Amino acid sequence: MAFSECGHTARRLGMLTAVHVATSSRNWTLSALSIVVSERHTDTSGIHARRLRSPLQEMSMPQVMSRVARAGLATNALARAASKAQPVARTSDFGFAASRSVSRPVRAMASAATTTEKVAEAPKPIYLKDYTAPDYKFAKVVLDFELGEEVTVVGNTIAVEPTFTAGGDPRPLFLNGDPTVQLESVTVDGTALDAADYVLTPKGLTITAPPAVPFELKITTTIKPQENTELEGLYKSSGNFCTQCEAEGFRRITFYQDRPDVMSEFTTKITADKAKYPVLLSNGNLVDSGELDGGKHFTVWEDPFPKPAYLFALVAGDLGMIEDTFTTKSGREVALRIYVEEHNLDKADWAMVSLVKSMKWDEDVFGLEYDLDLFNIVAVDDFNMGAMENKSLNIFNSRLVLATPTTATDMDYSAIEGVVAHEYFHNWTGNRVTCRDWFQLSLKEGLTVYRDQEFSADMNSRGVKRIGDVARLRMSQFPQDAGPMAHPIRPESYIKMDNFYTVTIYEKGAEVVRMYETLLGKDGFRKGMDLYFARHDGQAVTCDDFLAAMADANDADLTAFKPWYSQAGTPTLDVTTEYDSDAKTFTMTCTQSIAGTPGQSDKSPVLMPIAVGLLAPDGSDMELVLDGDAVKGETTKVLRLSESSQTFVFKCVGEKPVPSILRNFSAPVRLTTDLTQEDLIFLMANDSDQFNRWEAGQTLTRSLLLDLVAKAGEGETLVMDQKIVDAMRNIVNLAKEKGADKAFIARAMALPSEGELSEMVSPADPDVIHAARDFVVKTLAKELKSELMWTMKDNTSEKYERDGESRAARTLKNMCLGLLSYLEDPEIDAEALARFKSADNMTDQISALSALSGRADCEARTEAIDMFYEQWKHDPLIMNKWLGLQAGAALPNNVENVKRLTEHPAFDIKNPNKVYSLVGGFVGGTPTNFHAADGSGYEFLGDIVLKIDKLNGGVAARMVGGFTRWRKYDEKRRVMMKAQLERIVGTEGLSENVFEIVSKSLE
Ligand SMILES: [Zn+2]
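Residues numbered from 1 in each chain as written. Predicted model: local features only at pLDDT ≥ 70, side-chain atom pairs only at ≥ 80, totals over all residues. Heavy atoms only, no water.

Draft legend 1. Molecular detail of the pattern of salt bridges. Inspection of the entire model under this criterion finds 67 salt bridges. With a shortest N-O distance of 2.6 Å, Lys444 and Glu445 are connected by a salt bridge. Taken as a pair, Lys444 and Glu445 share a single burial class, namely buried. Taking the shortest distance from any N to any O, the salt bridge between Arg663 and Asp687 comes out at 3.0 Å. With Arg663 in the loop between strand S31 (658-661) and strand S32 (670-673) and Asp687 in the loop between helix H14 (677-686) and helix H15 (690-713), this residue pair connects regions lying 24 residues apart in the sequence. The class of Asp687 is buried, set by a relative accessible area of 1%. (Salt bridge = Lys/Arg side-chain N within 4 Å of Asp/Glu carboxyl O. Buried < 20%, exposed > 50% of the residue type's maximum accessible area, 1.4 Å probe, protein only. Helix = DSSP H or I, 4+ residues; strand = E, 2+ residues; numbered from the N terminus.)

Below you can see the structure in the form of structure tokens.
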């Protein structure tokens, strides 16, 4: 999946709001939401938050007993099974024995439950170490959906095959389920089972003694998709039926071994009212369709590729469609179709263009072709995540499909391009080769994020793309790695899988994949990929299998690389240097360490590639001769650090160089060096590695800002360092040069965010950080006003174009406007308003609005906000931008505005996009509002999380992530945030999703 991303930064976070933010220099930070995740994946995961209370309240005594029995493995059949050679609690989710309960009883469940019930119901973590392969495989599955307005009937016929040899006691077959699924009947080889033959609980259905030979299992269930607000399983969005099954949504449709290592061939029949639902889609090829009595019709779909249930999809609705074709390199003609609501048909072209480019790129770069004759994308408005890679039927959050220049920003376009590619690339990395269990999620997500990053780099500016990806990693993932939810890219345990669709799994996972490429080279990486597919096509495998393929294809020993999968936390890399002018050697001493993280105090050193260059005094790259390395003529060398500390010696270094360390951010670490301010200014001007040129400026301004934060904290007068002003002036003036890389210049003008700074200060006082950063931005805006005005005007074009150069000029112009808005000058306000009114595209319009959005008591602001609403109130996606912009604005006491907006017709608490925009926009917006000293921002978040949790636990869990870093802050704020967490965890009927995040935050 893709998170719901916010443009670059946000796209994985599921917050729309950051998109525009990022287009202006107004600094929003998403770090408070770091728990949330990465944007691309949307991962949806999971089970929909079954309410903890629901199981108990509607159960008869025998049901309660059977549930308790299941938890304690007490039925006869189960007891027999448990005494066998594999004493596994087969009734647990996923084939993992639920071996431990959470350490504390759950207060949330205390209400009506007896002690026994409480114990039975406590959310239990599932552990990687408890994995066992399934006892039964499903060779074929035939699903039969009768979609109805009141009730939907689901027939599910499975060809079951035991994986063990016949003989001995029967082994129970556990099928995951959900309290929202009503069991109507179950038969084995045509004979109906009676109640004594199975155990039904809120977690699933156990057939206690199935045949030990192949048999046909038929289950009929009824569900009510129209009442499904969790948006997992089968649900309705804007009147259409759609599904989201990753990670654990399929069990909300029917009883099934809902685990990724059970792969099956699916045939799906869909029957529905023809007038209401003219389009009926599922995975694979359409093999039959026809009319039925009573105004109904049907389709039958066959997917020849075995897949886990999480890749199942169904769509039924009244949708329009655009169509194109793609011919694969081996000549297969593929029909490409994008389904959207009729009135949005003019907005789907960019998604189609992106799809065609992705298909071609995957053939060119990885030799991977599409494997069916049809590829469908469907856009839906109500979607928890960004998009989902269901085999041949991708389902997308509509904001990642729909775009025209007047309705979508340049960042929206990039997000669409990246996410369409991401989901398409999953066809191989995720679908053809899938994960054995959900602990291996990064196997498909880290790899696919890496692939979509490379695709976007090839389609756009490689250096600027890399800078954006690293900035996001630092803003969202580094805080997660340093907080209570820190987990390795292959976690050891979880309560709700939904909560592990994180920036760590996605973004750090992608960095880990990138390190293989850096260590093995592009060709070596490709060889590893080829071997991975040759070995594992059609299988459900592990991260270890991927590492083994990389190692074996290159005859490399990657043992020292393994801790990247098992260790949480961001390593620190310290590099000190020494030049010996007599020996003409340059020595680098590299030392690595990782701080302890929850549950992991002992860490091992890990193999990391450190890409290094040496700059001569004239700014050119030196040719590098590394002691012990025969390769000559290179100007970048990759050092392999695998010990705690190692020394590398460069020979024949004629003059004292300035080192460029960790080029292209070759490992996801925090770097400290002995570079001086002069060295950094030199690198900013000269480094041939674009990433490090940017990084030098960031390091410089970060240290200036941290100095000022310390001074502001002491109440000292703040003084700007003239060297920084001059360095920034040089950057802005680069735009005057012919052929200037304006996208890079805009990036280099952006200062480290308040969120990034707060991670480096302990304890963090958001008011002080805000004051220091605001001082720097205002001073720069004042000192550079004429340069900024000139650059803004010089890059203003008559007419909208979408080519790379025009987009770069637009970004730079809007960056200038954003900086100028800090002057709080009525002339600039008037300029912004004029630009707002004359804008012929959404990027410019929203940037001008953003420049005004933080201006208190400003008529131009009010006018623009109202005009924008009147112009776009018919378009829900654009209203997300309107909500997000206001939510994150740097207005005093903005929480009151945000509360009012929760009552506004443009807001809908059931729609994840709206929640991400308004609530996420507030939490990730101006820190002085969310962290207001009176606690009003915290109280607002606490209140609304509890409201959202009643509807959608997954979305609520993302929002409550705003509190997870509470220990970072000053005493007063710590107390208030902790109080909110305690209030939430003590609330009755909490979802498991929110429970897990909150209880871990409090541990
Ligand atoms: Zn994905």
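Draft legend 2. Expanded view of the packing of aromatic side chains. Here the structure, examined in full by the defined rule, presents 40 aromatic pairs. Relative to Tyr494, the ring of Phe439 lies with its centre 4.9 Å away and its plane at 40 degrees, an arrangement referred to as tilted. With a gap of 55 residues between them, Phe439 in the loop between strand S22 (434-435) and helix H9 (441-459) and Tyr494 in strand S23 (residues 493-494) connect regions that are remote in the sequence. When its relative accessible area of 0% is taken as the criterion, Phe439 is described as buried. Given a relative accessible area of 1%, Tyr494 falls into the buried group. Measuring from centroid to centroid gives 5.7 Å for Phe665 and Phe691, while their planes differ by 50 degrees, and the two rings are tilted. Taken as a pair, Phe665 in the loop between S31 and S32 and Phe691 in helix H15 lie far apart in primary sequence, 26 residues in all. Among the aromatic side chains, those forming a connected cluster through ring pairs are Trp361, Phe366, Tyr370, Phe375, Tyr424, Phe425, Tyr450, Phe455 and Phe525. (Phe/Tyr/Trp six-rings, centres within 6.5 Å; stacked < 30°, edge-to-face > 60°.)

Draft legend 3. Focus on the environment of Leu128. Within the secondary structure, Leu128 is located in the loop between strand S1 (126-127) and strand S2 (136-146). Sequence spacing of Leu128 and Gln440 is 312 residues, and the spatial spacing of their C-alpha atoms is 9.3 Å.

Draft legend 4. How the structure looks around the environment of Asp555. Within the secondary structure, Asp555 sits in the loop between helix H12 (543-554) and helix H13 (563-566). Note on Asp555: relative accessible area 75%, which makes it exposed. Sequence-wise, Asp555 and Gly524 are 31 residues apart; in three dimensions their C-alpha atoms are separated by 9.8 Å.

Draft legend 5. Examining the coordination of the zinc ion more closely. Protein coordination at the zinc ion comes from Met1 (N), Met1 (O), His422 (NE2), His426 (NE2), Glu445 (OE) and Glu445 (OE), with a distance range of 2.0 to 2.6 Å. Taken in sequence order, the residues that donate to the zinc ion follow the motif M-x420-H-x3-H-x18-E. Taken as a pair, Met1 in the segment before helix H1 (7-10) and His422 in helix H8 (residues 410-425) lie far apart in primary sequence, 421 residues in all. (Donors = N, O, S within 2.8 Å, 3.2 Å for Na, K, Ca; no water.)

Draft legend 6. Focus on the side chain of Arg474. Note that Arg474 resides in helix H10 (residues 462-481). Overall, Arg474 belongs to the buried group, its relative accessible area being 12%. Polar contacts involving the side chain of Arg474 include one to the side chain of Glu695, which spans 2.5 Å. Every residue in contact with Arg474, bar those within four places of it in the chain, is listed here: Pro479, Phe665, Phe691, Trp694, Glu695, Arg702 and Glu756. (Polar contact = N/O pair within 3.5 Å; in protein donor to acceptor, adjacent residues only side chain to side chain. Contact = heavy atoms within 4.5 Å.)

Draft legend 7. Representation of the sheet that holds strand S20 (residues 387-388). Taken together, five strands build an open sheet; the order of strands is S17-S18-S19-S21-S20 and the sheet is mixed. In the strand order of this sheet, the two ends are held by strand S17 (320-327) and S20, each with one partner. Where strand S18 (residues 333-340) lies against strand S19 (residues 374-380), five bridges are found, and the strand directions are parallel. Considered in S19, the bridge of Ile338 is made with Ile377. The strands touched by helix H7 (residues 349-366) within the sheet are S17, S18 and S19, with S17 carrying the most contacts at an inclination of about 20 degrees. Of the strands in this sheet, S19, S20 and strand S21 (393-397) touch H8, which is tilted by about 150 degrees from S21. (Pairing = 2+ DSSP bridges. Axes fitted to C-alpha atoms, helices over the stretch in contact; angles between N-to-C directions.)

Draft legend 8. Fine view of the pairing of strand S27 (residues 608-615). The element S27 is extensively covered by neighbouring structure, given that eight of its eight residues are classed as buried. Here S27 shows no split at all, with Met608, Ile610, Val612 and Leu614 on one side and Pro609, Ala611, Gly613 and Leu615 on the other all buried. Where S27 and strand S29 (residues 637-641) come together, five bridges link them in antiparallel fashion. Pairing of Met608 across the sheet is with Leu641, part of S29. Where S27 lies against S31, four bridges are found, and the strand directions are antiparallel. Directly across from Leu614, in S31, lies its bridge partner Pro659.

Draft legend 9. Expanded view of the packing of H10 against H15. One can describe the packing of H10 onto H15 by two numbers: an axis separation of 9 Å at closest approach and a directional angle of 40 degrees. Looking at the two axes, H10 sits oblique to H15. Considering how the two elements wind past one another, H10 and H15 form a crossing that is right-handed. Counted together, Gly463, Val464, Arg466, Ile467, Val470, Ala471 and Arg474 of H10 and Gln690, Phe691, Trp694, Glu695 and Arg702 of H15 form the full contact between these two elements. Split by residue class, the contact of H10 with H15 holds six nonpolar, two polar and four charged. (Parallel < 35°, antiparallel > 145°, perpendicular 65-115°, else oblique. Left-handed = near helix turned anticlockwise from the far one by under 90°. Nonpolar A, V, L, I, M, F, W, Y, C, P; charged D, E, K, R; others polar.)

Draft legend 10. Structural detail: the sheet that holds strand S8 (residues 204-207). The strand order across the open sheet built from three strands is S4-S8-S7, with neighbouring strands paired in antiparallel fashion. In the strand order of this sheet, the two ends are held by strand S4 (173-176) and strand S7 (198-201), each with one partner. Within the sheet, the average angular offset between the axes of one strand and its neighbour, ignoring direction, is 10 degrees. As defined by bridge partners, S4 adjoins S8 across four bridges and the pair is classed as antiparallel. Pairing of Phe174 across the sheet is with Thr206, part of S8.

Draft legend 11. Seen up close, helix H31 (residues 971-985). Taking 1.5 Å as the rise per residue, H31 with 15 residues should run 21 Å; its terminal C-alpha atoms sit 21 Å apart, in good agreement. For H31, the full list of buried residues reads Arg973, Met976, Met977, Gln980, Leu981, Ile984 and Val985. Considering only its buried residues, H31 is in contact with helix H19 (766-783), helix H28 (927-930), helix H29 (936-949), helix H30 (953-960) and helix H32 (992-1002). (Expected span 1.5 Å × (residues − 1).)

Draft legend 12. Local environment of the nonpolar core. Leu217, Tyr501, Tyr516, Phe561, Ile610, Phe650 and Met749 are the most contacted members of the largest nonpolar core, which totals 289 residues. Ranked by residue count, the leading element in this core is helix H11 (residues 503-536), at 13 residues. Those residues within four positions of Phe561 in sequence are excluded, and the remaining contacts are Val512, Met515, Tyr516, Leu519, Leu547, Val606 and Leu607. (Core = buried A, V, L, I, M, F, W, Y, C linked by side-chain atoms within 4.5 Å.)

Draft legend 13. Quick look at unusual backbone geometry. That bond from Glu246 to Ala247 is cis: its omega, -5 degrees, falls within 30 degrees of zero. When you line up the elements, Ala247 lands in the loop between strand S11 (240-244) and strand S12 (264-273). A cis geometry characterises the amide bond from Ser762 onward to Pro763, with omega recorded as -5 degrees. Phi at Leu662 is positive, roughly 65 degrees, even though this residue is not glycine. Mapped onto the secondary structure, Leu662 falls in the loop between S31 and S32. Overall, Leu662 belongs to the buried group, its relative accessible area being 3%.

Draft legend 14. Local environment of H11. Here H11 spans only 26 Å end to end across 34 residues, well under the 50 Å set by a 1.5 Å rise per residue. By the largest-angle criterion, Gly521 marks the main kink of H11, which is about 115 degrees. A large share of H11 lies buried, amounting to 24 of its 34 residues. One or two residues past the end of H11 sits Gly538, with phi positive at roughly 85 degrees. (Bend = angle between axes of the 7 residues up to and from the residue.)

Draft legend 15. Main features of the pairing of strand S16 (residues 314-317). On S16, burial covers both faces: Leu314 and Ala316 on one face and Val315 and Gly317 on the other are all buried. Taken together, the four bridges between strand S13 (residues 279-282) and S16 define a ladder with antiparallel strand orientation. Each bridged residue has a counterpart across the sheet, and for Val279 the counterpart in S16 is Gly317.

Draft legend 16. Expanded view of the side chain of Asn431. Counting through the fold element by element, Asn431 comes out in the loop between H8 and S22. Side-chain polar atoms of Asn431 contact the backbone oxygen of Glu389, separated by 3.0 Å. Non-local contacts of Asn431, meaning those with residues more than four positions away in its chain, are made with Met263, Leu311, Glu389, Asn390, Lys391 and His426.

Draft legend 17. Examining the packing of H14 against H15 more closely. Packing of H14 against H15 brings their axes to within 7 Å, and their N-to-C directions diverge by 145 degrees. H15 is crossed by H14, and the crossing has left-handed handedness. Contacts between H14 and H15 involve Gln677, Leu680, Ile681, Leu683, Met684, Ala685 and Asn686 from the first element and Arg693, Ala696, Gly697, Thr699 and Leu700 from the second. Across the contact of H14 with H15, the residue classes tally to seven nonpolar, four polar and one charged.

The values are spatial; any link to function lies outside them.
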